[in-house]
Amino acid sequence: DTAVSQTPKYLVTQMGNDKSIKCEQNLGHDTMYWYKQDSKKFLKIMFSYNNKELIINETVPNRFSPKSPDKAHLNLHINSLELGDSAVYFCASSQAGVGALYGYTFGSGTRLTVV
Amino acid sequence: AQTVTQSQPEMSVQEAETVTLSCTYDTSESDYYLFWYKQPPSRQMILVIRQEAYKQQNATENRFSVNFQKAAKSFSLKISDSQLGDAAMYFCACCASGTYKYIFGTGTRLKVLA
């Protein structure tokens, strides 16, 4: 019974396309995140939502747009994909507020390859 | 700005031996939490251990323990009795109490030799 699930696990697409990555958690957590892991394995936060409200929005191109229809789902839509967008994108969730300090639960990641 | 530094890109250890992975950090927060995550080849990020900065006692989880030196802003991970399954990337992360976002280090790749 997967706690944080992301789909798809692999995504290969051409430059200029628009794509979405979906994330769902069944842990009852209020807060969800998107992290990007580049080719050098560096992990950087992109966005965070708490109960459908955007609370963290790092310096990310506006081609990236997160959407949270409810607190169990956080999707990532990417417009006009570029080669530099190739990376592994991780979804994570945590308890809200202070609960986040107990740790994140990560999804298994989506490897996006732009050709 | 908060920073997390892992100065060892790669480490090797013989099976059953002990290895220590280093991590230093910088934060202006007075209360914060520190974490080690493991990323095996499967890509899954797994929480290994966490440390609350206000606690002087070092955290321990089975074969994993930390050496937390708050004044030196150092947070190293010790793996005892290393097993082949410990081979992975290990990431140190720091979370300030006010922001709830983790800053990750660049990772240390651990190889376990049979």
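Look a little higher up for the structure.
This structure is a prediction, so every number in the text was calculated from the model and none was measured. (Residues numbered from 1 in each chain as written. Chains lettered and ligands numbered in written order. Predicted model: local features only at pLDDT ≥ 70, side-chain atom pairs only at ≥ 80, totals over all residues. Heavy atoms only, no water.)

A.B. asks: What is the right way to read the interface of chain A and chain B from this model?
C.D. replies: For an interface, size is often stated in terms of accessible area lost upon the parts coming together. Every contact between the two is made by 27 residues of chain A and, on the other side, 22 residues of chain B. Both sides together, the interface formed by chain A and chain B hides about 2000 Å², and carbon and sulfur atoms give 58% of it. The interface formed by chain A and chain B contains zero salt bridges. The tally of links from chain A across to chain B stands at ten residue pairs in polar contact (both at pLDDT 80 or more). At the level of secondary structure, the elements contributing two or more residues to the side of chain A that touches chain B comprise β4 (31-37), β5 (43-50), β9 (87-94) and β11 (110-114) of chain A. When residues of the side of chain A that touches chain B are assigned to their parent elements, the largest contribution, three residues, is made by β4(A). Residue composition of the side of chain A that touches chain B, by class: 15 nonpolar, seven polar and five charged. (Contact = heavy atoms within 4.5 Å. Buried area = accessible area lost by both parts, 1.4 Å probe. Salt bridge = Lys/Arg side-chain N within 4 Å of Asp/Glu carboxyl O. Polar contact = N/O pair within 3.5 Å; in protein donor to acceptor, adjacent residues only side chain to side chain. Helix = DSSP H or I, 4+ residues; strand = E, 2+ residues; numbered from the N terminus. Nonpolar A, V, L, I, M, F, W, Y, C, P; charged D, E, K, R; others polar.)

A.B. asks: Would you explain unusual backbone geometry in this entry?
C.D. replies: Residues apart from glycine generally show negative phi values, whereas peptide bonds are mostly found in trans. Between T7(A) and P8(A) the backbone carries a cis peptide bond, its omega angle lying at -5 degrees. In this structure, P8(A) sits in the loop between β1 (4-7) and β2 (10-13). The phi torsion at S80(A) lies on the positive side, around 45 degrees, for a residue other than glycine. Its place among the elements puts S80(A) in the loop between β8 (73-78) and β9. The class for S80(A) is partly exposed, based on a relative accessible area of 37%. Phi is positive for D81(B), close to 50 degrees, though the residue is something other than glycine. Within the secondary structure, D81(B) is located in the loop between β9 (74-79) and β10 (88-96). Residue class for D81(B) comes out partly exposed when judged on its relative accessible area of 39%. (Buried < 20%, exposed > 50% of the residue type's maximum accessible area, 1.4 Å probe, protein only.)

A.B. asks: What's the story with the state of the cysteines in this structure? I'm lost.
C.D. replies: Among covalent bonds in proteins, the disulfide is the one between the sulfur atoms of two cysteines. Under the defined criterion, the tally for this structure stands at two disulfides over all chains. One disulfide bridge connects C23(A) with C91(A), the sulfur atoms lying 1.9 Å from each other. Every disulfide takes its handedness from the sign of the S-S torsion; for C23(A) and C91(A) that torsion is -80 degrees, giving left-handed. Of this pair, C23(A) sits in strand β3 (residues 19-25) while C91(A) sits in strand β9, and the two are 68 residues apart along the sequence. Bridging C23(B) to C92(B), the disulfide has an S-S length of 2.0 Å. An S-S torsion of about -70 degrees defines the bridge between C23(B) and C92(B) as left-handed. With C23(B) in the loop between β3 (19-21) and β4 (24-26) and C92(B) in strand β10, this residue pair connects regions lying 69 residues apart in the sequence. For C92(B), a relative accessible area of 1% translates into the label buried. (Disulfide = S-S within 2.5 Å.)

A.B. asks: Just checking my understanding: could you explain the nonpolar core for this structure?
C.D. replies: Most often, soluble globular proteins have nonpolar side chains that are buried together. Counting residues in hydrophobic clusters, the biggest one holds 25 residues, and the most contacted among them are W36(B), F75(B), L77(B), Y90(B) and L110(B). Secondary-structure elements contributing two or more residues to this core are β3, β5 (32-39), β6 (46-52), β8 (64-69), β9, β10 and β12 (108-113) of chain B. Ignoring anything within four residues of it in the chain, the contact list for Y90(B) reads Q6(B), L21(B), W36(B), Y37(B), K38(B), V48(B), F64(B), L77(B), I79(B), G107(B), T108(B) and L110(B). If you look at the next biggest cluster of nonpolar residues, it comprises 22 residues, including Y33(A), F106(A), M45(B) and A93(B). (Core = buried A, V, L, I, M, F, W, Y, C linked by side-chain atoms within 4.5 Å.)

A.B. asks: Sorry, what's going on with the packing of aromatic side chains here?
C.D. replies: When we look at a pair of aromatic rings, we describe it by the centre distance and by the angle of the planes. Applying the stated criterion across every chain yields a total of 20 aromatic pairs over all chains. Seen in terms of ring centroids, Y33(A) and Y104(A) are 4.1 Å apart; in terms of plane orientation they differ by 25 degrees. Their pairing is stacked. Within this pair, whereas Y33(A) is found in strand β4, its partner Y104(A) is found in the loop between β9 and β10 (105-106), the two being separated by 71 residues in sequence. For Y33(A), a relative accessible area of 1% gives the class buried. Taking 6.2 Å as the distance between ring centres and 70 degrees as the angle between the ring planes, the aromatic pair formed by F106(A) and F104(B) counts as edge-to-face. Placement of the pair is F106(A) in strand β10 and F104(B) in strand β11 (residues 102-104), with the two residues belonging to separate chains. On the basis of relative accessibility, which here comes to 2%, the residue F104(B) falls in the buried class. Taken together, the aromatic side chains of Y33(A), Y35(A), F90(A), Y104(A), F106(A), F35(B), Y37(B), F91(B), Y102(B) and F104(B) make up a single cluster linked through ring pairs. (Phe/Tyr/Trp six-rings, centres within 6.5 Å; stacked < 30°, edge-to-face > 60°.)

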